Amino acid sequence: MKKWWMMITAVLLMTGSAAAQNATPGSTLRFDQPAPNVLEAQGYTYNKYVDGGDVPTPLTSVQCSGAISPFLCEAPFPAFTPGSHTIRITASNVAGESLRSTPFPFTFVVVPAQPLNLRLGVQ
């Protein structure tokens with residue numbers, strides 16, 4: 001009986017973990033950035049690390065706002081191939097690069113374009 005309850009508890013803990021969210025080409029990536037002021041947060045260079053890779057790629061068009069730290073920063077969601085991915089980001093300035101964020105799991109979903117030019121065909 002005790003083993004049965006332990007198995008149920010383990011399953012509940014596993015299913016209670018954060019599930020991957022769906023991202024689309026129109027999504028935005030939001031994160032909180034600690035900084036002395038919003039201008040410094042806005043002035044940082046942000047890099048993304050994709051799917052456990054070690055090659056940084058700039059995260060573009062980041063906009064930070066707020067009155068107190070941590071500041072809310074937002075960027076257009078980068079393009080990915082459809083499917084499951086993870087992304088980690090860093091902030092850097094002239095003094096160096098921060099540690100990487102916790103991995104953010106997501107599923108990139110690309111909805112097909114609408115069919116165009118409907119018409120009858122001749123047989």
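Since the structure is predicted, the reported quantities are computational estimates derived from the model, not experimental observations.

**Quick word on the overall build of the protein**
Scanning the protein from N- to C-terminus turns up two helices and nine strands. The secondary structure elements of the protein, listed N-terminal to C-terminal, are α-β-β-α-β-β-β-β-β-β-β. When burial is assessed residue by residue, the protein has 24% of its 123 residues classed as buried. The long-range fraction of contacts in the protein, counting pairs at least 24 apart against all pairs at least 6 apart in sequence, stands at 59%.

**Notes on the pattern of salt bridges**
Counted by the stated rule, this structure contains two salt bridges. Between Glu74 and Arg30 there is a salt bridge; the shortest N-O distance is 2.9 Å. Of the two residues, Glu74 is situated in strand β6 (residues 71-76) and Arg30 in strand β2 (residues 28-33); the sequence distance between them amounts to 44 residues. Note on Arg30: relative accessible area 55%, which makes it exposed. Across the salt bridge formed by Arg100 and Asp54, the nearest N and O atoms sit 3.1 Å from each other. With Arg100 in the loop between β8 (96-97) and β9 (104-108) and Asp54 in the loop between β3 (45-50) and β4 (57-58), the pair connects residues that are 46 residues apart, well separated along the chain.

**Description of the nonpolar core**
Core analysis: the biggest nonpolar cluster contains 20 residues, and Phe31, Tyr46, Leu59, Val62, Phe77 and Phe106 have the highest contact counts within it. Every element with two or more residues in this core is listed here: β2, β6, β7 (83-93) and β9. When neighbours within four sequence positions are excluded, Tyr46 is seen to be in contact with Phe31, Gln33, Ala41, Thr57, Pro58, Leu59, Val62, Cys64, Cys73, Thr90 and Ala91.

**Some words on the pairing of β7**
When β3 meets β7, the two strands line up antiparallel, connected through six bridges. When the sheet's bridge partners are listed, Tyr49 is paired in β7 with Arg88. Across five bridges, the pairing between β7 and β9 is antiparallel. Directly across from His85, in β9, lies its bridge partner Phe106.

**What to know about the packing of aromatic side chains**
Applying the stated criterion to the full structure yields eight aromatic pairs. Between the aromatic rings of Phe77 and Phe106, the centroid separation amounts to 4.9 Å while the plane-to-plane angle is 80°, which identifies the pairing as edge-to-face. Pair noted here: Phe77 is in the loop between β6 and β7 and Phe106 is in strand β9, with a separation of 29 residues, a long-range link. With a relative accessible area of 1%, Phe106 lands in the buried category. Relative to Phe108, the ring of Phe77 lies with its centre 6.2 Å away and its plane at 20°, an arrangement referred to as stacked.

Conventions adopted
Residues numbered from 1 in each chain as written. Predicted model: local features only at pLDDT ≥ 70, side-chain atom pairs only at ≥ 80, totals over all residues. Heavy atoms only, no water. Helix = DSSP H or I, 4+ residues; strand = E, 2+ residues; numbered from the N terminus. Buried < 20%, exposed > 50% of the residue type's maximum accessible area, 1.4 Å probe, protein only. Contact = heavy atoms within 4.5 Å. Salt bridge = Lys/Arg side-chain N within 4 Å of Asp/Glu carboxyl O. Core = buried A, V, L, I, M, F, W, Y, C linked by side-chain atoms within 4.5 Å. Pairing = 2+ DSSP bridges. Phe/Tyr/Trp six-rings, centres within 6.5 Å; stacked < 30°, edge-to-face > 60°.

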